[in-house]
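Each chain, letter by letter, is given below.
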Amino acid sequence: MRVLLLTLGSRGDIEPFIALGVALRSAGHEATLCASRHFAAVIEGHGVSYAPMDDGFFELLQSPAGREGLTRSGSLLGMLSTALRLMRQVGPMQLQIQRDCWAAASACQPDLIVHHLKIMGAPDIAEQLGVPAVLVPLVPGVEPTAARACPLLPSWSDRIVNAAGRRAGYRLVNRLATRFGTGPVHRWRRECGLPPRAPAVDLRHDAKGRSVLLMHAHSESLLPRPDDWPAHAVATGYWRLPQDTDWQPPPPLQYFLDAGPPPVYVGFGSMAGRNPADLARRVVEALRLAGLRGVLARGWGGLEADAVPAHVHLIDEAPHDRLLPLMAAVVHHGGAGTTAAGLYAGRPTVICPFFGDQPFWGRVVHQAGLGPAPVPQRGLTSVRLAAAMREAVDTVSMRMAAADMGHRLRAEDGVRNAVAQLERWHAAGAANHP
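Structure report, in brief.

**Observations regarding the overall build of the protein**
So, step 1. Within the protein, the secondary structure is distributed over 17 helices and 12 strands.
So, step 2. Here the C-alpha radius of gyration of the protein, 21 Å, is about what a compact globule of 434 residues would show, namely 22 Å.
So, step 3. Based on the C-alpha atoms only, the size of the protein along its principal axes is roughly 65 × 45 × 40 Å.
So, step 4. For the protein, the residues scored as buried account for 56% of the 434 residues in total.
So, step 5. A separation threshold of at least 6 residues defines the contact pool for the protein, and within that pool the share at least 24 residues apart is 62%.
So, step 6. Taking the average location of the 43 positive side-chain charges in the protein and that of its 37 negative ones, the two points are 7 Å from each other.

Here it is, written out as structure tokens:
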């Protein structure tokens, strides 16, 4: 089986697809991953074939304008508003991404295409090749359910309690994404001399109106599968990269770890809003107020700090699967991948969400008793963060629940489950989709 993987975004959007590529190759299949050139080295470093994708969109996300726009977004509706404001830049980038994905598909001639939600033109490429496309929602915001409000809508939607209203929220997201996110795809189709996209195509259906496989890369231990999901909507468990067994804490970090009780990890990746230096100052002060030691990860500019007091140690980055088990608790922005990493480590989690699905994961973690209530970035003060850190470290029931969740997640093999799903879907054939 030849599988083309298409993804776009930050590291949290890339690593699950690398893990899937590694697992596919281990199972004897061919896997090619098309993603931003920024990630070429890490993809190839894991032995997965790489196909290039333009870096423009990734660079825009990391730019001051992109960070500010996303920080102000808060939800899918906010992100669509941001995208409209940046359309002159985003549209040509998305068109080039579609061209690059088509080039990758033409080169590897896949039997199956597995794609991130942000690759809106993957169904069109699959249609042209006559192969199935499988959608990977890293947040379960596509398949309607009465069990919970759509996590891609603003947080007030949680107050919708009737079944019809909750399901309608998912259909709204589907409609908005299909209407506003596919302009460059339509231009690409015209550029290739293809007819207009079939009206049946949306996030959940192909050109013939058949349901596509929705393969969610999260664990049912954290987020149980809704009873009203159809058979083609599955949750496999988290897709984790093989552990980096060679990594050891650098001597300065090891010295810091040995010098006192386990610290609190704080890292926001590339998420820091408009003032990463100010955010770092608030975090350092929160640790002081809480009487805790901390390890701050600068990430990709999420936190900017040079000189820090003795109770804080700075790192650029480190493998989460090796570093986080050494911590007393973890503090982060609530991306799906970082959330999974903290829970895998069995540590209480404090989520300080910026936008998108991050508030959703913050609520899920809190409701499961695995961390304090989220501390949104817009209202983040040193006092509030200090209180949340102390709650995470001091609450025995929270520590026990987090440790138990870690044991359960480590016993799962989500990426192997994902490979098995793809094998079954491919064996069934496009004509036999549900």
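**Thoughts on unusual backbone geometry**
So, step 1. Even without a glycine there, the phi angle at Gln-109 is positive, about 45°.
So, step 2. Topologically, Gln-109 is positioned in the loop between helix H6 (87-108) and strand E4 (112-116).

**With respect to the pairing of strand E8 (residues 264-267)**
So, step 1. The two faces of E8 match: Val-264 and Val-266 on one face and Tyr-265 and Gly-267 on the other face are all buried.
So, step 2. For E8 and strand E9 (residues 294-297), the ladder comprises 4 bridges, and the chain directions are parallel. Looking at E9, one finds that Val-266 is bridged to Leu-296.
So, step 3. Judged from the 4 bridges that link them, E8 and strand E11 (residues 329-332) form a sheet pairing that is parallel.

**Thoughts on empty space enclosed by the protein**
So, step 1. Counted by the stated rule, this structure contains 2 cavities of 30 Å³ or more.
So, step 2. As a volume, the largest cavity reaches approximately 100 Å³.
So, step 3. Lining the largest cavity are Leu-8, Gln-94, Ile-97, Gln-98, Lys-118, Ile-119, Met-120, Gly-121, Gly-181, Pro-184 and Val-185.
So, step 4. At the level of elements, H6 and helix H9 (183-191) are the ones that each hand at least two residues to the lining of the largest cavity.
So, step 5. Within the lining of the largest cavity, the residues separate by chemical class into 6 nonpolar, 4 polar and 1 charged.

**Some details on the pattern of salt bridges**
Any two side chains of opposite charge can pair, so long as their charged atoms come close to each other.
So, step 1. Within the structure shown, the criterion is met by 17 salt bridges.
So, step 2. With a shortest N-O distance of 2.6 Å, Arg-197 and Asp-124 are connected by a salt bridge. Highlighted residues: Arg-197 in the loop between H9 and strand E6 (214-216) and Asp-124 in helix H7 (residues 122-129), separated in sequence by 73 residues. Per residue, the accessibility class of Arg-197 equals that of Asp-124, and both read buried.
So, step 3. Several salt bridges converge on common partners, so that one network encompasses Asp-124, Glu-127, Arg-189 and Arg-197.

**Some remarks on the environment of Trp-425**
So, step 1. Looking at where Trp-425 falls in the secondary structure, it is placed in helix H17 (residues 414-428).
So, step 2. Along the chain, Trp-425 and Leu-213 lie 212 residues apart, while their C-alpha atoms are 7.7 Å from each other.

**What to know about the packing of helix H15 (residues 382-394) against helix H16 (residues 396-410)**
So, step 1. Between H15 and H16, whose axes approach to 5 Å, the crossing angle comes to 70°. Classed by the angle they form, the pair H15 and H16 counts as roughly perpendicular. Residues Glu-391, Ala-392, Val-393 and Asp-394 of H15 lie in contact with H16, whose contacting residues are Val-396, Met-398 and Arg-399.
So, step 2. Grouping the amino acids of the contact of H15 with H16 by side-chain chemistry returns 4 nonpolar, no polar and 3 charged.

**Things to note about the pairing of strand E3 (residues 49-53)**
A regular strand places its side chains on the two faces of the sheet in alternate fashion.
So, step 1. Inspection of the sheet shows strand E2 (residues 30-36) paired to E3 by 5 bridges, in the parallel sense. Residue pairing for E3: Leu-33 is matched across the bridge by Tyr-50.
So, step 2. Following the chain from E2 across helix H2 (residues 40-45) to the adjacent parallel E3, one finds a crossover that is right-handed.

**Observations regarding the packing of aromatic side chains**
So, step 1. Counting across every chain of the model gives 5 aromatic pairs.
So, step 2. Seen in terms of ring centroids, Trp-102 and Trp-188 are 5.6 Å apart; in terms of plane orientation they differ by 65°. Their pairing is edge-to-face. Of the two residues, Trp-102 is situated in helix H6 and Trp-188 in helix H9; the sequence distance between them amounts to 86 residues.
So, step 3. When its relative accessible area of 1% is taken as the criterion, Trp-188 is described as buried.
So, step 4. Geometrically, the ring pair formed by Phe-268 and Phe-354 is edge-to-face, given 6.2 Å between the ring centres and 80° between the ring planes. With Phe-268 in the loop between E8 and helix H11 (276-290) and Phe-354 in the loop between strand E12 (349-351) and helix H14 (358-367), the pair connects residues that are 86 residues apart, well separated along the chain. Comparing Phe-268 with Phe-354 shows no difference in burial state: the two are buried.

Thresholds applied
Residues numbered from 1 in each chain as written. Predicted model: local features only at pLDDT ≥ 70, side-chain atom pairs only at ≥ 80, totals over all residues. Heavy atoms only, no water. Helix = DSSP H or I, 4+ residues; strand = E, 2+ residues; numbered from the N terminus. Rg over C-alpha atoms; globule rule 2.2 N^0.38 Å. Buried < 20%, exposed > 50% of the residue type's maximum accessible area, 1.4 Å probe, protein only. Contact = heavy atoms within 4.5 Å. Lys, Arg positive; Asp, Glu negative; His and termini not counted. Charge placed at Lys NZ, Arg CZ, Asp CG, Glu CD. Pairing = 2+ DSSP bridges. 1 Å grid on protein atoms, 1.4 Å probe; cavity = no way out; pocket = protein on both sides within 12 Å on 5 of 7 lines; lining within 4 Å. Points joined across faces, edges and corners; volume = space filled by probe spheres on them. Nonpolar A, V, L, I, M, F, W, Y, C, P; charged D, E, K, R; others polar. Salt bridge = Lys/Arg side-chain N within 4 Å of Asp/Glu carboxyl O. Axes fitted to C-alpha atoms, helices over the stretch in contact; angles between N-to-C directions. Parallel < 35°, antiparallel > 145°, perpendicular 65-115°, else oblique. Right-handed = clockwise from strand over helix to strand, strands pointing away. Phe/Tyr/Trp six-rings, centres within 6.5 Å; stacked < 30°, edge-to-face > 60°.

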